[in-house]
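Coordinates in review
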Amino acid sequence: MTRAPGTGTPVDAGAGPDQRILPGGVDAHPRVGGFVEGLSVVEDTPDGPLMELNMGPQHPSTHGVLRLVLRVEGEVVRYADPEVGYLHTGFEKDFERLTYHQATPLTDRMDYLSPLGNNLGYALAVEKLLGETVPVRAQRIRVILAELARIGSHLIWLGTHALDLGAQSGFLYAWRDRERILEINEACSGVRMMTSFIRVGGLMADVPPDFATMVRAFLNDFRPHCDDYAAMFTENPLWIDRTRGLGTISAADALDFGFTGPCLRGSGVSYDVRKDAPYSGYQEYDFEVPVGSHGDVYDRYLVRIEEMRESIRIVEQAVDRLEPGPV
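So, a few notes on the structure that sits alongside this text. (Residues numbered from 1 in each chain as written. Predicted model: local features only at pLDDT ≥ 70, side-chain atom pairs only at ≥ 80, totals over all residues. Heavy atoms only, no water.)

This paragraph deals with the pattern of salt bridges. Per the counting criterion, the structure on display carries 24 salt bridges. Salt-bridge contacts for Arg 67 lead to Glu 83; the nearest nitrogen and oxygen are separated by 3.0 Å. Residue Arg 67 is located in strand 7 (residues 66–73), and its partner Glu 83 is located in strand 8 (residues 76–83); the two are separated by 16 residues in the primary sequence. With a relative accessible area of 1%, Arg 67 lands in the buried category. The salt bridge partner of Asp 206 is Arg 137, with a shortest N-O separation of 3.1 Å. In this pair, Asp 206 is assigned in the loop between strand 10 (202–203) and helix 6 (211–233) and Arg 137 in helix 4 (residues 136–164), connecting sequence segments 69 residues apart. Several salt bridges converge on common partners, so that one network encompasses Glu 147, Arg 150, Arg 265, Asp 272, Arg 274 and Glu 307. (Salt bridge = Lys/Arg side-chain N within 4 Å of Asp/Glu carboxyl O. Helix = DSSP H or I, 4+ residues; strand = E, 2+ residues; numbered from the N terminus. Buried < 20%, exposed > 50% of the residue type's maximum accessible area, 1.4 Å probe, protein only.)

Next up on the list: the environment of Val 84. Checked against the element boundaries, Val 84 lands in the loop between strand 8 and helix 1 (91–96). Assessed through its relative accessible area of 68%, Val 84 is described here as exposed. Expressed as a C-alpha distance, the spacing of Val 84 and Leu 68, which sit 16 residues apart in the sequence, is 8.7 Å. Not counting residues within four places of it along the chain, the set of residues in contact with Val 84 comprises Val 65 and Leu 66. (Contact = heavy atoms within 4.5 Å.)

This part takes up the nonpolar core. Among the nonpolar cores identified, the biggest contains 48 residues, and Ile 144, Phe 211, Val 215 and Phe 222 are the most heavily contacted of them. Listing elements by their share of this core, those giving two or more residues are helix 3 (115–130), helix 4, helix 5 (168–189), helix 6, helix 7 (237–243) and helix 11 (297–320). Ranked by residues supplied to this core, first place goes to helix 4 with 12 residues. When neighbours within four sequence positions are excluded, Val 215 is seen to be in contact with Ile 144, Leu 148, Ile 184, Val 315 and Val 319. (Core = buried A, V, L, I, M, F, W, Y, C linked by side-chain atoms within 4.5 Å.)

Let's shift gears to a nonpolar patch on the surface. On the surface, Tyr 100, Leu 129 and Leu 130 cluster together into a nonpolar patch covering about 330 Å² of accessible area. Here Leu 130 shows up in helix 3. Classification of Leu 130 as partly exposed rests on a relative accessible area of 49%. (Patch = residues over 30% accessible without salt bridge, like charges linked within 9 Å, V, L, I, M, F, W, Y side chains within 5 Å. Areas by Shrake-Rupley, 256 points an atom, 1.4 Å probe, with all protein chains shown as cover.)

Right, here's the structure in full:
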C-alpha cells in the first residue's frame, strides 16, 4: 500500500488479496487540534459499521509517544495510520559530549525496565573498543543482575498485558515478584531501578555479603510462581481468545523487520546473542533458547514464560560459581 503525495490516503499499488484498500483514507475525517474527535462511523460494511477512532498518544513504545488512528470493524483493525515522533530523548547527542564513564547513567534510562541490561550492553561496547578485560567475578555478577533484569522486564510485560485483558490479579502478582528484584538492586547499588551499577571495566563496587543469599531466596520463591503464571494464563480461554492467532508475524517478516529478543524467537527464529555470540562467559552456562511456532501474541507470551525459567537456571549456575576476587 502506498499513499498519494501529501496525503494519508491509501492508493492501490497492486495490493494482494489479503490487503484491504479502504476508500477515502483516515485524513478524510475532520480532526480537532490534530486529533480525531471521539469516534465516527465512516463506512457501513456487510459485517457492520466501520468506525474510526483515535488510539493514543499512549504507552506501547514508551510514555505517550505512539498515536494510532484506527479503522475498526468490531474488534478487528482494518486500517491503522501510525503517527510517530512525539518524543525524542536526545540520548545520541548527550552521549557525544560525555566521557565513557559519565555516559553510563544515560544507559539506564534507554529502556528503564531493564536498566542493568543497558548498562551491560554499553559497557561491553566500550570495553571492546578499549581492549579491556573484565574480572571473572564481575562477569558472574553482571550475568546474575542482567538475568534478574530480564525476569523483571518480562514480569512487567506479563502483568500489564494481563491488566489490559482484565486480569488484575496477574498484574499484582507480577509486581510482587519484580519488587524482590528491585530490592536486590537496591542492596547492591543503593538504587532500585537506575542503578548505573555496571561500569566500564567491571562494576561500581562489590555486592554485599548477603547477595548470594538474597538471590537464592528469590529464585526459590519465584520458580513455583512461574508455574502459577502458566496455570493462570496458558489454558485460560479468555487469554487464548485474546492472544492466539493475533498479531502473527512470520519468521521471514520478523527478520526483515529487524525483530530481536522474544519477538524474534516467538516467530520461530532460534537466535539468541547469548548463544550465538556469547559474552560475559555465557558460553559456560547450560540453558535453552525457547522458540515459538506460530509467531502470534500467544507464542510470544509462551516464549517469555520459558525465558524466565531459563533465566532462573542461568542465575543459579552463576551464583554457584561466584568466587572471591576483584570487580
